[in-house]
Protein chains: 2
Amino acid sequence: MIDKAQALEDSRPKRRLLPVDAEALGQAAECLRTLAHPVRIRMVQLLLHDRYTVGELAKDCGVLENVASEHLRLMQRCGFFTSEKVGRRVYYKVAEPHLERMLDCIENRFQPCAAS
Amino acid sequence: MIDKAQALEDSRPKRRLLPVDAEALGQAAECLRTLAHPVRIRMVQLLLHDRYTVGELAKDCGVLENVASEHLRLMQRCGFFTSEKVGRRVYYKVAEPHLERMLDCIENRFQPCAAS
DNA sequence: TGGACATATCGCAACATTCCGATATAATGT
DNA sequence: ACATTATATCGGAATGTTGCGATATGTCCA
């Protein structure tokens, strides 16, 4: 007779995986949610190549400037970007070094023939 | 006098970036949203190493089985997993090959000392 | 100083996500 | 046939996200 405690167990033994820090999973999920928007992905893509102002990003992404500003604020709170004020403009640029590998991953999956 | 059409432009010239397929951005965002949940990240992490049943995944993730089932359905719709019925159990396993690089990225950022 | 410009913030409506309990389906063992 | 087990689905409450118009703040220039 099979022990009740093992009722859900697979017949095959499995490699033990770390019980994993719930904290780290939560942070990872938050970062992914922050990236998970077409406009924000595009912004990261642009900012990985150069610095841009809010207005430039808004124009490229086809959104109003206040909307662009909110997306940028979200990503800044997550540590993705830093901003620098120059006159009445604000330049954003990438601060999180892992974003490059992340975007590589995404572009590799969704834009197989991207001649940057 | 500065041309109106260039009002938002940066003083420095920028590398031309592809105007980018809005379709691809939308799909990428959808995939990221699908991954952007602590339980789902953990499930991907587990399934990258072995196959698991719904009950096993639910137990490891600390959620009810119907909740686990819903997370799995989401990811299956996105093409992340396939499932295989064996008796009254359903085994899930990874179907999307890019998930491995993606998780590498995430683990590298959030679990620097992960001895898998 | 006054007006145009660039960005940020606020309140709000529309919409999406998450989780739960209840119920359904289907396979198993007695 | 019947109870049990494993998974899936449904309806709904709570919560989160997005985009918009209006408004605020700060900068530039005439």
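Residues numbered from 1 in each chain as written. Chains lettered and ligands numbered in written order. Predicted model: local features only at pLDDT ≥ 70, side-chain atom pairs only at ≥ 80, totals over all residues. Heavy atoms only, no water.

Named according to an unreviewed UniProt entry, chain A is Metalloregulator ArsR/SmtB family transcription factor originating from Aeoliella straminimaris.

Colleague: Could you give an account of the protein's contact with DNA strand D, naming the residues involved and the relevant values?
Modeller: Taken together, 26 residues form the shell around DNA strand D, and within it Arg33 and His71 of chain A together with Gly55, Ser69 and Tyr92 of chain B come nearest. Interatomic distance of 2.8 Å between a backbone N/O atom of glycine 55 of chain B and a phosphate oxygen of DNA strand D. At 2.8 Å from a phosphate oxygen of DNA strand D is found a side-chain nitrogen or oxygen belonging to tyrosine 92 of chain B. Listing elements by their share of the surface near DNA strand D, those giving two or more residues are helix 4 (65-77) of chain A together with helix 3 (54-61), helix 4 (65-77) and strand 3 (89-94) of chain B. Its residues placed into classes, the surface near DNA strand D shows eight nonpolar, eight polar and ten charged. (Near = heavy atom within 4 Å. Polar contact = N/O pair within 3.5 Å; in protein donor to acceptor, adjacent residues only side chain to side chain. Helix = DSSP H or I, 4+ residues; strand = E, 2+ residues; numbered from the N terminus. Nonpolar A, V, L, I, M, F, W, Y, C, P; charged D, E, K, R; others polar.)

Colleague: Which residues make up the confidence of the model for chain A, and what values go with them?
Modeller: Parts of the model with low pLDDT should not have their predicted coordinates read in detail. Residue and element names in this part refer to chain A. Overall, the predicted model of chain A reaches an average pLDDT of 87, with 79% of residues at or above 70. Between the elements of chain A, mean pLDDT differs from a low of 94, seen in helix 5 (residues 98-110), to a high of 98, seen in helix 4. Long-range and interchain partners of residues 1-8, a stretch whose pLDDT sits below 50, account for six contacts in this model, where long-range means more than four residues apart. (pLDDT = per-residue confidence, 0-100. Contact = heavy atoms within 4.5 Å.)

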